[in-house]
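Chain and residue survey
Okay, here's what each chain looks like letter by letter:
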2 protein chains.
Amino acid sequence: MTSISPSQVIEQLQWRYATKQFDSSKKIDDATWSAIEDSLVLTPSSFGMQPWKFFVVTDDAVRQQLLEHSWKQAQVVDASHVVVLAMKKDVDDAEVDRYINYSASVQGIPAENLEGFGKVIKGFLGNPKFDVNEWAAKQVYIAIGQLMATAAMLGVDACPMEGFVPPKYDEILGLDKLGYGSVLVCPLGYRHADDKYATQAKVRYPKAEMVQHLP
Amino acid sequence: MTSISPSQVIEQLQWRYATKQFDSSKKIDDATWSAIEDSLVLTPSSFGMQPWKFFVVTDDAVRQQLLEHSWKQAQVVDASHVVVLAMKKDVDDAEVDRYINYSASVQGIPAENLEGFGKVIKGFLGNPKFDVNEWAAKQVYIAIGQLMATAAMLGVDACPMEGFVPPKYDEILGLDKLGYGSVLVCPLGYRHADDKYATQAKVRYPKAEMVQHLP
């Protein structure tokens, strides 16, 4: 295990910014793209349930359709790749069972050994006061956090987007029929030389204010 | 800018796991911890608003108190560092103004230049159908995603936790009086040699299932 130095990690995170203008001639190569997909799959989640799916949109005509519901953000057509990060809707006991059975098979143990764990999850998600779709949506935010950091490490530009119309995306991409709902969108690729946002000072409140040591 | 290779990024993400048992004798050094704090501060957020604060808890007695409200997860006492990731509550127009003024000062431009941007944010957050606290909580999930990925790159172990009692944490740490609410907890440090979870097979659904190419 060869970890990365603190200075290099921070240099990469400083380098990233929400890219407003992508160079549409530059494409992410296969090895790099594959790592981005691996990173999405490896994202940690509540109980390890992975209540999500990541849709990669490549077709130009479809991307043009999405643009109409993306607050005019041309990144969805100009970027090399576009990922729609979607939550799995209405996660229920059957989904927990599927997860438990899958976990047991991966770990090479009888599913009975994980029965207690399954009950804990069902108790948590099945609480009548608990909104399972809010929970799933929040998990998708973990995925975008890991995605942004990963892309930065790889030197890939990205633009995390909340500004789009989820029901329209779901309709155009057919996500509703699959039981998923779009939560976030992320175009990825390489910044255009003309993107003036690339050189703007990064706006972050001071560390001394944002990180407070207690007591 | 020297980015990191796809294979090294994935190696680090494969290495990480939700650490159940920390070696309490191993402490994160200052340079590495400073990078972790920088990474938190650099997390992207909706409109760049950063509706959060990160509290670092070092005192052993306080950590013991937290343990009682942490579903018996001893990580909160054994880990080198504990971060409580909190959202800023009830973000309002005054907070937007503060952000706009701060942004203008960082970028060296008159605040008037950002007036339109401020109006867009106020319109978005002030929509009566919009739950500003849910929005802020979701942003905190981006921070934990970036934190998990960053820690993995640095070779630091971590355990993202939703399993704790936020009102009790807020009370013990005095967050409510500061206008913040705890959303997630993350002990960080180094895995104990006895933690059997370290060598367990990682449970992730297959990439072909989780990443779907459209159309």
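Each chain has its residues counted from 1, following the order in which its sequence is written. Here every chain gets a letter starting at A, and every ligand a number starting at 1, in the order they are written. Note on the predicted model: pLDDT of at least 70 is required for a residue's local features to be given, and 80 or more for side-chain atom pairs to be given and counted; whole-chain, interface and lining totals, by contrast, use all residues. With hydrogens and water set aside, each side-chain value is computed from the structure's full complement of heavy atoms.

Numbering goes from the N terminus for both helices and strands, where a helix is a DSSP run of H or I of at least four residues and a strand is a run of E of at least two. Each helix and strand in chain A was counted, giving ten helices and five strands. On the principal axes, the C-alpha backbone points of chain A span a range of 60 × 50 × 35 Å. Three labels apply to residues, based on accessible area from a 1.4 Å probe with only protein chains included: buried if under 20% of the type maximum, exposed if over 50%, partly exposed otherwise in between. Looking at chain A as a whole, 54% of its 215 residues are labelled buried. Expressed as a percentage of contacts within chain A between residues at least 6 apart in sequence, the contacts between residues at least 24 apart total 80%. In these tables, accessible area is a Shrake-Rupley quantity obtained with a 1.4 Å probe, and a residue counts as shielded only by the protein chains included in the view. As displayed, chain A has an accessible area near 8900 Å², and 51% of this comes from carbon and sulfur atoms. The charged-residue count follows a simple rule in which Lys and Arg add positive charge and Asp and Glu add negative charge, with His and chain termini not counted at all. Each charge is placed at NZ for Lys, CZ for Arg, CG for Asp and CD for Glu. When the 21 basic and 27 acidic side-chain charges of chain A are each reduced to a single mean position, those positions are 5 Å apart. Here a residue-residue contact requires only that any non-hydrogen atoms of the pair lie within 4.5 Å.

DSSP-based pairing: two strands are paired if at least 2 bridges between them are found. Pairing in this open sheet of five strands is mixed, and the strands run β3(A)-β4(A)-β2(A)-β1(A)-β5(B) from one edge to the other. At either end of the open sheet lies a strand with only one pairing partner, and these are β3 (157-158) of chain A together with β5 (211-214) of chain B. As paired elements, strand β1 (residues 52-57) of chain A and strand β2 (residues 81-88) of chain A share six bridges and run antiparallel to each other. Counterpart to A:Val57 in the pairing with β2(A) is A:Val82. Every angle, taken between N-to-C directions, lies between 0 and 180 degrees, and every axis is a line fitted to C-alpha atoms, over only the stretch in contact when it is a helix. Across the sheet, helix α7 (residues 132-154) of chain A lies against β1, β2, β3 and β4 (180-189) of chain A, angled at about 10 degrees from β4(A), the strand it touches most.

The pLDDT score gives, residue by residue, the confidence of the prediction method on a 0 to 100 scale. With 100% of its residues at a pLDDT of 70 or more, chain A shows a mean pLDDT of 97. Of the two predicted TM-score estimates for the complex, the pTM is 0.98 and the ipTM is 0.98.

Right, let's get into the interface of chain A and chain B. Facing the 83 residues of chain A at the interface are 83 residues of chain B. Buried area is understood as the total, over both parts, of accessible area removed when two parts are fitted together, assessed with a 1.4 Å probe. Carbon and sulfur atoms supply 63% of the area buried between chain A and chain B, which totals about 7800 Å² over both sides. One speaks of a salt bridge when a side-chain nitrogen belonging to Lys or Arg is within 4 Å of a carboxyl oxygen belonging to Asp or Glu. The salt bridge involving B:Glu209 is made with A:Arg98; its shortest N-O contact spans 3.0 Å. Within 3.5 Å is the distance limit for a polar contact, defined as a pair of N or O atoms, with the added protein rule that one can donate a hydrogen and the other accept it, and that residues adjacent in sequence qualify only through two side-chain atoms. If you look at where chain A meets chain B, you find 44 residue pairs in polar contact (both at pLDDT 80 or more).

Now for helix α5 (residues 93-107) of chain B. Residue and element names in this part refer to chain B. Across its 15 residues, α5 extends 21 Å between first and last C-alpha, which sits within 8% of the 21 Å expected from 1.5 Å per residue. The complete set of buried residues in α5 reads Glu95, Val96, Tyr99, Ile100, Ser103 and Ala104. As for α5, its buried residues are in contact with β2 (81-88) and α6 (115-125). Remark: Gly108 follows α5 within two positions and exhibits a positive phi of approximately 65 degrees. Every helix has an expected span of 1.5 Å times one less than the residues it contains.

What the rule picks out here adds up to 18 salt bridges over all chains. Residue A:Asp38 pairs with B:Lys207 through a salt bridge whose shortest N-O separation is 2.8 Å. Taken together, the residues A:Asp38 in helix α2 (residues 30-42) and B:Lys207 in helix α10 (residues 207-210) connect one chain to another. For A:Asp38, a relative accessible area of 22% corresponds to the partly exposed category.

The next point concerns the pairing of strand β1 (residues 52-57) of chain B. Here is the key point about a regular strand: its side chains alternate between the two faces of the sheet. Most of β1(B) is tucked away: six of the six residues are buried. By the alternation rule, side chains of β1(B) split into B:Trp52, B:Phe54 and B:Val56 and B:Lys53, B:Phe55 and B:Val57, which are all buried. Summarising the sheet, strand β5 (residues 211-214) of chain A and β1(B) pair through four bridges and their orientation is parallel. If you follow A:His213 over to β1(B), its bridge partner there is B:Val56.

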